[in-house]
Amino acid sequence: MTQQPTDDTSIPRIDAATLKRWLHDGAEIGLLDVREHGQYGEGHPFLAVSLPYSRLEIEAPRLLPRRTARLVAFDDGDGVAPRAAAALRGLGYTDVHVLQGGAPAWRAAGYTLFAGVNLPSKTFGELAEHICHTPRISATDLAERQRKGDKLVVLDGRPFTEYAKMNIPGGVCCPNGELALRIQDLVPDDDTTIVINCAGRTRSIIGAQTLINLGLPNPILALENGTQGWYLADLPLEHGSRRKFSDAMPAQALPALRARADALARQYGVDTVEAGQVRAWLADAGRTTYLCDVRTAEEYAAGTLAGAQHTPGGQLIQATDQYVGVRNARIVLLDGEGVRAPVVGSWLKQMGWDAHVLRDGVEADLPKRRSTPSGASSDAGAAAAGAASEGAAGASAPQLPAIATAALAAAQRDGAVLLDLRPGMAYRKGHIAGARWSIRPRLHTLNLPRGARVVLLAAEPAVAALAARDLAALGIAQVQANCDGVDAWRAAGLAIEASDGVPADKDCIDYLFFVHDRHDGNKAAARQYLAWETDLIHQIDEQERSIFRFPAGSAAG
């Protein structure tokens, strides 16, 4: 029977007190929660970054571009962190540690495990509202003003894919990172009231305050509690809306928009750096530098700088830890017109990041990256980043032999074990009859015989390749993969079955229930989420609060 892989005892262990000290000593550190996303969301340290072991080698090169950065792997004390640390070593990371005892040891030492995701960004949003006194409007008051025909516009600060799922009636999609550039086209006069909304709170607050900070004369309000507040007030939402900002660049207005953005950047200490300086930073082996392209997915897909990841401006503020894995690293922002990057930089500076704007943006004298294929979707930037990181994963995991969908039934009859690695909720909705579900950190629990033939069913080849590498360490060498998906399996005549409750909730470690349930008609979950969000500022300690850099004299400065 298979055994759990042996830990690499050469990887140093540290205790919780040491980790807490490292998190606040001012040097670079990446605290990597290598548990799956559902586990991470149930409770993790404030500054932990989610890097699930199931995807570690895929995501690590993007999140952790400097191989000599100080890193700590964090788990449940169940042996996943040592395996993850060994995988990081295999990728060339040299300064890797493990928190001895994981989450239980952190809690036992008296430190908080925070539920939820994107904690620093969401906490910052709550503090910003408190400190800046961002004006807001309730759902019922907005609905009444719409009914009366008041002169107002509702702008949705989320990405288009989120907006299309549900939006405030009449609202127009304009992600926060685009506001500084597009607002003049969307609101051409000064007496129209502007209401910014998101799904909950953070992007409503940051979007509204962005326009206030830019000096717009309009009345500007954040919709309190976003679409969730609207739903909780028993007001109808729209679904499938297509309204969005114009893609055309406002050429005649650009000089004035640049001047306004530059003034805001100077106010918050964001400098503009030349290509030569950035070239030197990227070559510096002692400091991590991130290149962040804050433009739209379509602009990014058309071409960017080599090594730049797509970080749409609003999302970079909203979910910084999804793009930047090393605390105290340097962030260089780039755009194509000199408006969006300075505004995003003004927020990152207040969030405690060492943020800079690249002069000339994507036209700077730095190596370029070729465009991605035409017809890219609105998620083109994420896809491009994913393709690059899959290539990195491929260097450390073998290319698996594929098995055609038409051959799956015969393989099953011949005794092959079909192992479904797709998300647990996807497996519940529909999977090949007889296929077992598992996930990379749990493979050692399957008790597969050493000579077993295994077919991995996955959404991505890279995920299957990483699982196969772990299976090989467990003595399972006969492995193939199929990534065609449930529609192709059904079309080929394979029996597809659903399994409500299998895997059990406790085993769906890749799914965070309380975050997702708030959008599934569960009002209790929505209220719980909003209460969690507003309470974040009362949970952090003084060291955690001190990472933020609000203007001098503010309550949290």
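Quantities reported herein were computed from a predicted structural model and do not represent experimental measurements.

A. Structural detail: the sheet that holds strand β6 (residues 136–137). Within the open sheet, the five strands sit side by side as β6-β10-β9-β7-β8. Their pairing is parallel. With partners counted over all chains shown, the strands left at the sheet margins are β6 and β8 (172–173), one partner each. With three bridges joining them, strand β9 (residues 193–197) and strand β10 (residues 220–223) adopt parallel strand pairing. Opposite Val 195, over in β10, you have Leu 221 as the bridge partner. Sitting on the sheet, helix α7 (residues 139–148) is in contact with β6, β7 (152–156), β9 and β10, with an inclination near 130° to β7. Lying on the sheet, helix α10 (residues 202–213) is in contact with β9 and β10; it crosses β10 at an angle near 175°.

B. Region of interest: the nonpolar core. Counting 78 residues, the largest nonpolar core has Leu 19, Leu 56, Leu 64, Leu 88, Leu 333 and Leu 348 as the members making the most contacts within it. With six residues, the top contributor of residues to this core is helix α4 (residues 80–90). What Leu 333 contacts, discounting residues up to four positions off in sequence, is Cys 292, Val 294, Leu 316, Ala 341, Val 344, Gly 345, Leu 348, His 356, Val 357 and Leu 358. Among the nonpolar cores identified, the runner-up in size contains 26 residues, and Leu 155, Ile 194, Ala 208 and Ile 220 belong to it.

C. Structural view of α10. Counted at 1.5 Å a residue, the expected span for α10 with its twelve residues is 16 Å, and the 16 Å between its end C-alpha atoms agrees. The element α10 is extensively covered by neighbouring structure, given that eleven of its twelve residues are classed as buried. Here α10 has its buried residues at Thr 202, Arg 203, Ser 204, Ile 205, Ile 206, Gly 207, Ala 208, Gln 209, Thr 210, Leu 211 and Asn 213. The first or second residue beyond α10 is Gly 215, which carries a positive phi of 90°.

D. Focus on the domain arrangement of the protein chain. Assigned domains within the protein chain: domain 1 (13–117), domain 2 (123–248), domain 3 (268–363) and domain 4 (405–507). Tallying the contact residues gives eleven residues for domain 1 and eleven residues for domain 4. Summed over both partners, the interface of domain 1 with domain 4 comes to about 880 Å²; 53% of that surface belongs to carbon and sulfur atoms. Here domain 1 and domain 4 share three salt bridges between them. A salt bridge links Glu 57 to Arg 440, with the shortest nitrogen-to-oxygen separation between them at 2.7 Å. On inspection of domain 1 and its partner domain 4, the count reaches five residue pairs in polar contact (both at pLDDT 80 or more).

E. Structural detail: the UniProt feature "domain: Rhodanese" (unreviewed entry) in the protein chain. In the numbering used here, UniProt assigns the "domain: Rhodanese" (unreviewed entry) feature to residues 31–115, 148–239, 293–367 and 412–498. The span residues 31–115 is 38% helix and 18% strand, and its two end C-alpha atoms sit 16 Å from each other. Between the end C-alpha atoms of residues 293–367 there is a gap of 14 Å, over a span that is 31% helix and 20% strand.

F. Spatial organisation of empty space enclosed by the protein. Taken as a whole and judged by the stated rule, the model has four cavities of 30 Å³ or more. Estimated volume of the largest cavity: approximately 140 Å³. Considering the residues around the largest cavity, the lining is formed by 15 residues, among which Pro 120, Asp 321, Val 324, Arg 327 and Trp 353 are closest to the centre. Tallied by class, residues from the lining of the largest cavity come to eleven nonpolar, two polar and two charged. There is about 50 Å³ of room inside the second largest cavity. Around the second largest cavity sit Asn 176, Gly 177, Thr 210, Ile 317, Arg 340, Val 343, Val 344 and Trp 347, which together line it. Of the residues forming the lining of the second largest cavity, the biggest block, four residues, is contributed by helix α16 (residues 340–350). Counted by class, the lining of the second largest cavity contains four nonpolar, three polar and one charged residues. Taken domain by domain, the lining of the second largest cavity gets at least three of its residues from each of domain 2 (123–248) and domain 3 (268–363).

G. Looking closely at the side chain of Gln 39. One can find Gln 39 in helix α2 (residues 37–42). Setting aside its immediate chain neighbours within four residues, Gln 39 contacts Asp 76, Arg 442 and Ile 509.

Definitions and limits used
Just so you know, the residues in each chain are numbered from 1, in the order the chain's sequence is written. For a predicted model such as this one, the threshold for reporting local features is a pLDDT of at least 70, and the threshold for listing and counting side-chain atom pairs is 80 or more; totals across whole chains, interfaces and linings nevertheless cover every residue. Computation of side-chain values covers all heavy atoms of the structure but excludes hydrogens and water. A pair of strands is treated as paired once DSSP finds two or more bridges between them. Per the convention used, a helix needs a DSSP run of H or I reaching at least four residues, while a strand needs a run of E reaching at least two, with both numbered from the N terminus. We call two residues contacting when some pair of their heavy atoms lies within 4.5 Å. Helix axes are fitted to C-alpha atoms over the stretch in contact, other axes to C-alpha atoms as well, and angles between N-to-C directions run from 0 to 180 degrees. Put simply, buried Ala, Val, Leu, Ile, Met, Phe, Trp, Tyr and Cys residues joined by side-chain atoms within 4.5 Å make one nonpolar core. The classification of residues rests on relative accessible area computed with a 1.4 Å probe and restricted to protein chains. Under 20% of the type maximum is buried, over 50% is exposed, and intermediate values are partly exposed. How far a helix is expected to stretch is found by multiplying one less than its residue total by 1.5 Å. Domain boundaries shown here were taken from an automatic or database domain assignment. The buried area of a pairing is the accessible area, by a 1.4 Å probe, that goes missing from both parts when the two are put together, added over both. A carboxyl oxygen of Asp or Glu within 4 Å of a side-chain nitrogen of Lys or Arg is what we treat as a salt bridge. In protein, a polar contact means a hydrogen-donor-capable atom and an acceptor-capable atom, both N or O and within 3.5 Å, with residues adjacent in sequence counting only if both atoms are side-chain atoms; elsewhere, any N or O pair within 3.5 Å suffices. UniProt positions are given in the numbering used here, feature names are shortened, and annotations may be inferred rather than shown by experiment. Two kinds of site are reported from a 1 Å grid over the protein atoms alone, namely cavities, where a 1.4 Å probe fits but cannot get out, and pockets, open sets with protein on both sides within 12 Å along at least five of seven lines, and residues are called lining when an atom falls within 4 Å of a point. Grid points are joined across faces, edges and corners, and a volume is the space filled by probe spheres set on the points. Only Asp, Glu, Lys and Arg are considered charged, only Ala, Val, Leu, Ile, Met, Phe, Trp, Tyr, Cys and Pro nonpolar, and every remaining residue, Gly among them, polar.

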